[in-house]
Amino acid sequence: MVKENMDQEAVLVWFRQDLRLNDNPALYQAAKQGRIFPIYILPSAQQDDWLPGAASRWWLHRSLDSLSKRLGGNLRLFQGEALELIPQLLRQTGIKQIFWNRDYQPAPMQRDQRLQQLLEQRGVQVQTFNASLLWEPAQVVKADGSPYRVYTPFFRHGCLKQPEPRYPLPAPPSIQFLHSVPTGLSLPQLGLLPRQRWYREFEKHWQPGEAGAGDRLAHFVERHLAGYQQGRDYPALNTTSRLSPHLHFGELSPNQAWYVVSHAQLPTASESDRDRFLAELGWREFSHYLLYHWPELPQQNFQPTFDRFDWSDDPPLLRAWQQGCTGIPMVDAGMRELWQTGYMHNRVRMIVGSFLVKNLRQHWRRGQAWFWDTLVDADLANNSASWQWVAGSGADAAPYFRIFNPVTQGQKFDPDGHYVRRFCPELALLPDNYLHRPWEAPAIVLEQAGVTLGADYPRPIVDLKASRAEALAAFAAIKR
Ligand code: FAD
C-alpha cells in the first residue's frame, strides 16, 4: 500500500467520544492542515472494565453509521488496542501527525499519555484538544490549589469565574481525504448490536448522530426551554432536553448547547429557566471533574465512612427492581421506561436509586451496573457520581437520612398518573388517589379497576416504612 501518502501535511484524526463534524477542534485543525485519515477504534473486551454496555452499543452502532455517512464513507473502523494499532497505521501510511480530542476518563487518559509519549519519541507530531468539557478540570481549583468537593462553589466560583467556555467552531469548510489507506472493518464486523433485540423499540425514541442531536437541541429550545425549571421535575411532561446520549457520544458539544441556550430569545420571566439548564450542564461538568480528580469514583465510596455500611445481598430483590416488578408503581414505571426506551427521567432515576440503595439496601454499584448496561446515555462520570450522590456516599451527596418516599414522590410529581399509567398499563383504571399505592386500595376499588394484586400486578416487595427504618439504623451504625 500506501507509502504514496508521504504527504507531510496529512493527519490521522482519531475520533473517540466526539462523533461530530461541528465544533470538533481536532477535525477542524486537521482539515485546515492537509488531507486527513479519519479512524475510530473500538477497544477489545479485555482492555477496559468500562466497555460500552448493551444499550450504548446500539447507540454507538447507529452513531458511527451516521458519522461515516457524513464523512462520505471515509471513516475507517478498527478494533483492538490503540497503543498498537495507531503506531501500525502511522507506519503503514507514512503519516507523521495525529490529532485527537482529549478523553478525561481515567483509563483512556492513561493510555493516551503513554501513546503520546511513544509517538513523540518516534517523531510523530501529536496535537490534542478539549472538545467535551466547558472548562479544563485541572484548571478549576480552590484558592489553595485543591479540587472542589461541593457543586455550588465549584460551579459559581470555580467555573463561572473562569474565562467563558470556548465558542463553538463550525464544521470544517472542506475536508480532503487520504485515499490510499487501510480499509479496516465494516460496521457490522464491529459486532456492536447486542444479540438480544429489545433495543428495536429504541428506534421510535431516538435518532443517534449529529443531525439528531441538532434537531433535539433546536426542539428543546423552541418548545421546552421556557418553563424548564418547573417542568423538569415532572416525568410525564417530557420537557427536559434528552440531550444526554448525544452529549455522551459527543454528537453535540456542551459548548454548542451552552451557547445556543445562552443566546436563545426568551421572555424575561424565563431567565431562570435558562440559568437552570446551564446549571445542569454544570452538574455534568462537576461529575466529570470529580472523576478526573478522584479516578476511583466508579469503584470506591467517595466518603470512606460508607466502606462500613451493611449492604444486603438479595438477588431476587435486585431482579424485581431491574424488571420493574417491585409492586411500587413509581419505581416500576421508571424501570420499565428504562427497559423500553433506554432512558429514564432524572426525577425517577433519583426515586428508583433511593429505593434500591435505601429500601432494598443493595449496594449502589449494583444500580450503577444495571444503568451502565441499559441506559443509552450511560456515562462513567455522570452515572458513578449520581449513584454515589443517591447513596449518600458521594461528594456533595444527598444526606443518607433523606430517603425518597416513592408514594409521595409519585403523588407530587406524577399527580395525574400519566407516567405510571403509560408504563404500568395494568394499573390504568385505578383512581388517582390509589394509583401510587395500590396495596392500600379497598378490595372493591381494585376489583373495579380490574387489578388483582399478586396476579396482574405484584404486591410490594418491601414494606416502605419498615425498610426505611432499617436503612436509617444501618446508617446510624456507620456514623457511630
Ligand atoms: P436535562 O435536564 O435536559 O439536562 C441537560 C443536560 O445536563 C443533560 O443531558 C446532562 O448531560 C446534564 N445533566 C442533567 N442533570 C444531570 C445530573 N444530575 N448529573 C450530571 N449531568 C446532568 N446522566 C448521564 O448523562 N448518564 C448517566 O449514566 C447518568 N446516570 C444517572 C444515574 C442516576 C442514579 C441519577 C440520579 C442520574 C443520572 N444521570 C446520568 C443524570 C441525569 O439523570 C441525566 O443526565 C438526565 O436525566 C438526562 O436527561 P436530559 O438530557 O433530558 O437532561
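Residues numbered from 1 in each chain as written. Predicted model: local features only at pLDDT ≥ 70, side-chain atom pairs only at ≥ 80, totals over all residues. Heavy atoms only, no water.

Could you give me a rundown of the nonpolar core, with the residues and numbers involved?
Generally speaking, soluble globular proteins have nonpolar side chains that are buried together. The biggest cluster of nonpolar side chains holds 94 residues, and the ones touching the most others in it are F154, F277, W321 and F371. Among the elements that make up this core, the one with the highest residue count is helix α11 (residues 271-293) (8 residues). Built from parts of two domains, this core gets at least three residues from each of domain 2 (133-169 + 210-293) and domain 3 (304-479). Those residues in contact with W321 that sit more than four places away from it in its chain are T326, V331, M335, V352, F355, L356, L360, G367, W370, F371 and W387. Formed by 34 residues, the second largest nonpolar core is a distinct cluster that contains L21, L64, L67 and W206. (Core = buried A, V, L, I, M, F, W, Y, C linked by side-chain atoms within 4.5 Å. Buried < 20%, exposed > 50% of the residue type's maximum accessible area, 1.4 Å probe, protein only. Helix = DSSP H or I, 4+ residues; strand = E, 2+ residues; numbered from the N terminus. Domains from an automatic or database assignment. Contact = heavy atoms within 4.5 Å.)

Report on the side chain of S66, specifying residues and quantitative values.
Its location among the elements puts S66 in helix α2 (residues 54-70). For S66, a relative accessible area of 19% corresponds to the buried category. Excluding residues that lie within four positions of it along the chain, S66 makes contacts with P208, G209 and E210.

Give a description of unusual backbone geometry that names residues and reports values.
Positive phi values are uncommon outside glycine, yet R242 reaches one of about 55°. Tracing the backbone shows R242 in the loop between α8 (228-231) and α9 (244-248). R242 gets classed as buried once you look at its relative accessible area, which sits at 11%.

I'd love a proper account of the site of the ligand, names of residues and values included.
Neighbouring the ligand are 26 residues, the closest being Y228, T240, S241, R242 and N346. Y228 places a polar side-chain atom, nitrogen or oxygen, 2.5 Å from an oxygen atom of the ligand. Here an oxygen atom of the ligand sits 2.7 Å away from a polar atom, N or O, in the side chain of N346. The fraction of the free accessible surface of the ligand (820 Å²) that becomes covered by protein chains is 96%. Looking at the shell around the ligand, the elements that each hand over two or more residues are α9, α11, α14 (346-359) and α16 (380-391). By residue number, the principal contributor to the shell around the ligand is α11, which donates 6 residues. When its residues are assigned to classes, the shell around the ligand shows 12 nonpolar, 8 polar and 6 charged. (Near = heavy atom within 4 Å. Polar contact = N/O pair within 3.5 Å; in protein donor to acceptor, adjacent residues only side chain to side chain. Areas by Shrake-Rupley, 256 points an atom, 1.4 Å probe, with all protein chains shown as cover. Nonpolar A, V, L, I, M, F, W, Y, C, P; charged D, E, K, R; others polar.)

Any chance you could break down the pairing of strand β5 (residues 125-129) for me, citing the residues and the numbers?
The side chains of a regular strand alternate between the sheet's two faces. Looking at chain direction, strand β4 (residues 97-101) and β5 are connected through 5 bridges and run parallel. When the bridges of β5 are listed, N101 appears paired with F129. Regarding topology, helix α4 (residues 106-121) serves as the crossover connection from β4 to the parallel β5, and that connection is right-handed. (Pairing = 2+ DSSP bridges. Right-handed = clockwise from strand over helix to strand, strands pointing away.)

Tell me about the domain arrangement of the chain, residues and numbers included.
By the assigned domains, the chain splits into domain 1 (7-131), domain 2 (133-169 + 210-293) and domain 3 (304-479). In this structure, domain 1 and domain 3 have C-alpha centres spaced 39 Å apart. Facing 10 residues of domain 1, the contacting portion of domain 3 comprises 9 residues. Summing both partners gives a buried area of about 840 Å² for domain 1 against domain 3, and 63% of it is carried by carbon and sulfur. (Buried area = accessible area lost by both parts, 1.4 Å probe.)

Report on the sheet that holds β4, specifying residues and quantitative values.
Sheet strands line up and pair through hydrogen bonds in the backbone, either parallel or antiparallel. The parallel open sheet is built from 5 strands, whose spatial order is β3-β2-β1-β4-β5. Pairing within the sheet leaves two strands with one partner each, and these edge strands are β3 (76-79) and β5. On average, adjacent strands in this sheet sit at an angle of 25° to one another, irrespective of strand direction. Together, β1 (11-15), β2 (36-42), β4 and β5 form the strand contacts of helix α1 (residues 25-33), whose direction differs from that of β4 by roughly 155°. (Axes fitted to C-alpha atoms, helices over the stretch in contact; angles between N-to-C directions.)

Tell me about the environment of D456, and please be specific about residues and values.
Locating D456 in the fold gives a position in the loop between α20 (443-449) and α21 (464-479). Spatially, the C-alpha atom of D456 lies 8.6 Å from that of L427, the residues being 29 residues apart in sequence. From its side chain, D456 meets the backbone nitrogen of T452 in a polar contact 2.5 Å long.

Residues and numbers for the packing of aromatic side chains, please.
On inspection of all chains with the given rule, the structure shows 35 aromatic pairs. Centre to centre, the rings of W198 and W339 are 5.5 Å apart; their planes meet at 25°, and the pair counts as stacked. Placement of the pair is W198 in the loop between α6 (187-190) and α7 (210-224) and W339 in helix α13 (residues 329-341), with a sequence separation of 141 residues. With relative accessibility at 33%, the residue W339 sits in the partly exposed group. An angle of 70° between the planes, with centres 4.9 Å apart, marks the rings of W294 and F302 as edge-to-face. Accessibility assignment for this pair places W294 and F302 in one class, buried. Here the aromatic cluster, defined as three or more aromatic residues joined through ring pairs, consists of W58, W59, W198, Y199, F202, W206, F249, W339, Y343 and W370. (Phe/Tyr/Trp six-rings, centres within 6.5 Å; stacked < 30°, edge-to-face > 60°.)

An account of the environment of Q88 is needed here, citing residue identities and associated values.
Positionally, Q88 belongs in helix α3 (residues 82-93). With 291 residues separating them in the primary sequence, Q88 and D379 have C-alpha atoms 30 Å apart.

Before we move on, can you summarise the packing of α11 against α16 with the specific residues and values?
Relative to each other, α11 and α16 sit at 90°, their axes nearing to 8 Å. Classified by the interaxial angle, the pair formed by α11 and α16 is roughly perpendicular. On the side of α11, the interface is formed by R284, S287, H288, L290 and L291, while α16 contributes L380, A381, N382 and A385. Split into classes, the residues belonging to the contact of α11 with α16 amount to 5 nonpolar, 3 polar and 1 charged. (Parallel < 35°, antiparallel > 145°, perpendicular 65-115°, else oblique.)

Break down the state of the cysteines for me, with residues and values.
One pass over the full model with this rule turns up 0 disulfides. This cysteine, C325, is not joined by any disulfide, and C424 carries the nearest cysteine sulfur, 9.0 Å off. We classify C325 as partly exposed; its relative accessible area is 31%. (Disulfide = S-S within 2.5 Å.)

Could you give an account of the pattern of salt bridges, with specific residues and numbers?
With the rule as written, the count across this model stands at 19 salt bridges. Here E280 makes a salt bridge to R232, at a shortest N to O gap of 3.1 Å. Of this pair, E280 sits in helix α11 while R232 sits in the loop between α8 and α9, and the two are 48 residues apart along the sequence. One salt bridge connects R347 with D233, and the closest N-O pair in it is separated by 3.0 Å. Note that R347 is positioned in helix α14 and D233 in the loop between α8 and α9, a separation of 114 residues in sequence. In this pair, the class of R347 matches that of D233, namely buried. Salt bridges sharing common partners tie together R16, R111 and D112. (Salt bridge = Lys/Arg side-chain N within 4 Å of Asp/Glu carboxyl O.)

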